[in-house]
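# Structure at a glance
Take a look at the letters that make up each chain.
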Amino acid sequence: MNFFSPSSTDQELFQGIQQGKSRAMALLYERYGTLVYSLALRVLQQPQEAEDLTQEVFTTLWHKGGYNPQRGSVATYLTTLTRSRGIDRLRMRQARLRLAQRWGAGEWMPVAGGLWEQVSVQERQERVQAALSQLEAEQRHLLELAYYQGLTQAQIAEQLNLPLGTVKTRTRAVLLKLRKLLQDQI
Amino acid sequence: MNDSTEELLAGLVLQDLSAQEWEEWETQMANDPALAQELTALHTVWHSLAYGCEAVAPPPSLKQKILATAPARPRPWLWGIAALGILSSGGLGAWGWFNAQQLRLAQRELQVQREVVAALQNRDTQMVTLTGRDTAKGATARVLTGQGEVLVVFNQKLPKPPKDQVYVLWAITKDGKKIACGKFIPNETGVIRWANPRFMPNAPNVQTLAITQEPDLRDAPTGPMVMGGSAI
């Protein structure tokens, strides 16, 4: 039976997916497909690879059922999986060491629910992009290297030709600044 | 919270703590377990960067590629056969069987209601109301059409047709042509659903709908009209 609608919650859709309901997967894809694809494209910089990764992420959710609702939201599961698998691909592509079994069984970190999970993907994008626009370009660049490219602090220091201690201090400071900018929303 | 604690939290999220900082963190955490909450919030900020990149729509074909990988699941009727096997093996007594039937009916009704609500919530859904005549006087039916599906929602005043007869829903076009959409016999849930109807009642040239009583689904109506619809 097909009782899912665009107003169904993520949890309802996930339950539908577990029961093999393609309508539930279609709705979840409509809700998060652009978010996952955008992030995959940002990390990998290649449309075909981003498409493959998006497919991998959604089919992982569908077939392997690795998502645990008690550990966080569907959106966080999808974005964390996209980032970690994307960085994995980057590292393979660059013939570097594969990401250590850091994501292992869980593949994602627990995050807070609450207000952040109650707003739409578009609102989250607007709020985060507004907060990021208040950072200086250099600060944004540090976060981008760490988050989208998955570089370690040592690799960032090497790339920017800065002392490791300086990179650590600046990256921590910019993360805390972003925390303050998003203070009332997370 | 002081600056050094904040720095430790940020270092934890960024996974760049030194051995000395790890020791500091463990000491602080032991004294103030509430720090875990702040750590969770900072993790959320870190993960919020997923929303920081420019939104790009994926290629339209990707959705179908993903949906085409649907895992094979046992079909409902197979569950029915399995359930029948359990019942026939004497696993449940008559009372248990009766309760299971009641529960299944209640679950089915709930599911049907949710489908109707979902259809009504969908802005693309079109609805036509039909009112009963003669033997079905006082009966009303609403035909909800959208997303390739049709729901016929009727009240309890619509009687079951005589034996060997069915109701047929017709779409009547602007030039008077009558096209059968599907056949049904009223059930206990008050809702009939067609996932792939013979003809969509919301096709562009359809002017109104009607329900007649027929021996079976046919190309043209021959039996009496049971319900008539308003103009679309």
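Bear in mind the structure is a predicted one, so any value in this text is a computation, not a measurement. (Residues numbered from 1 in each chain as written. Chains lettered and ligands numbered in written order. Predicted model: local features only at pLDDT ≥ 70, side-chain atom pairs only at ≥ 80, totals over all residues. Heavy atoms only, no water.)

Facing 52 residues of chain B, the contacting portion of chain A comprises 64 residues. Counting the surface chain B buries against chain A, the share from its top three residues, His47, Leu49 and Tyr51 of chain B, is 14%. Counting the contacts that link chain B with chain A gives 7 salt bridges. For Lys65 of chain B, the salt bridge identified is with Glu51 of chain A, shortest N-O distance 2.7 Å. At the boundary of chain B with chain A, the tally comes to 15 residue pairs in polar contact (both at pLDDT 80 or more). The leading source of residues in the side of chain B that touches chain A is helix 3 (residues 35-47) of chain B, at 9 residues. (Contact = heavy atoms within 4.5 Å. Buried area = accessible area lost by both parts, 1.4 Å probe. Salt bridge = Lys/Arg side-chain N within 4 Å of Asp/Glu carboxyl O. Polar contact = N/O pair within 3.5 Å; in protein donor to acceptor, adjacent residues only side chain to side chain. Helix = DSSP H or I, 4+ residues; strand = E, 2+ residues; numbered from the N terminus.)

Evaluation of the coordinates by the stated rule reveals 16 salt bridges over all chains. When the shortest N-O distance is used, the salt bridge between Arg172 of chain A and Asp16 of chain B registers 3.0 Å. Of this pair, Arg172 of chain A sits in helix 9 (residues 164-181) while Asp16 of chain B sits in the loop between helix 1 (3-14) and helix 2 (19-31), each in a different chain. Asp16 of chain B carries the same exposure label as Arg172 of chain A, and that label is buried. Through salt bridges with shared partners, a single network forms among Glu49, Glu56, Arg85 and Arg89 of chain A. (Buried < 20%, exposed > 50% of the residue type's maximum accessible area, 1.4 Å probe, protein only.)

With that out of the way, let us pick up the packing of helix 8 (residues 153-160) of chain A against helix 9 of chain A. All names here are of chain A. It is the contact of helix 8 with helix 9, at a shortest axis distance of 9 Å, that shows an interaxial angle of 110°. Overall, the two elements helix 8 and helix 9 adopt an arrangement that is roughly perpendicular. The two elements helix 8 and helix 9 meet at a crossing, and its hand is right-handed. Contacts from Gln153, Ala154, Ile156 and Ala157 in helix 8 reach Leu164, Val167, Lys168 and Thr171 in helix 9. (Axes fitted to C-alpha atoms, helices over the stretch in contact; angles between N-to-C directions. Parallel < 35°, antiparallel > 145°, perpendicular 65-115°, else oblique. Left-handed = near helix turned anticlockwise from the far one by under 90°.)

Our focus in this paragraph is the side chain of Thr173 of chain B. Residue and element names in this part refer to chain B. Secondary-structure assignment places Thr173 in strand 4 (residues 166-173). What makes Thr173 buried here is its relative accessible area of 2%. A distance of 2.3 Å separates polar atoms of two side chains, one belonging to Thr173 and the other to Asp175.

Residues and elements named next belong to chain A. Where helix 7 (residues 137-147) meets helix 8, the closest approach of the two axes is 10 Å, and the angle between their N-to-C directions is 130°. Considering the angle they form, helix 7 stands oblique to helix 8. Where helix 7 crosses over helix 8, the handedness of that crossing is right-handed. Here helix 7 contributes His141, Leu142, Leu145 and Ala146 to the contact with helix 8, which in turn contributes Ile156, Gln159 and Leu160. Residue composition of the contact of helix 7 with helix 8, by class: 5 nonpolar, 2 polar and no charged. (Nonpolar A, V, L, I, M, F, W, Y, C, P; charged D, E, K, R; others polar.)

A few words now on the sheet that holds strand 3 (residues 149-154) of chain B. All names here are of chain B. Pairing within the open sheet is antiparallel, and its 8 strands lie in the order 5-4-7-8-1-2-3-6. Single-partner strands in this sheet number two, and they are strand 5 (178-184) and strand 6 (191-194). Geometrically, the sheet is characterised by an average inter-axis angle of 20° between neighbouring strands, direction not taken into account. As defined by bridge partners, strand 1 (residues 126-132) adjoins strand 2 (residues 140-146) across 6 bridges and the pair is classed as antiparallel. Looking at the pairing, Met127 lines up with Leu144 of strand 2. (Pairing = 2+ DSSP bridges.)

Per-residue pLDDT for chain A has a mean of 82; in total, 84% of the residues score no lower than 70. Across residues 95-110 of chain A, where pLDDT falls below 50, the model places 37 contacts with residues more than four positions away in sequence or in other chains. (pLDDT = per-residue confidence, 0-100.)

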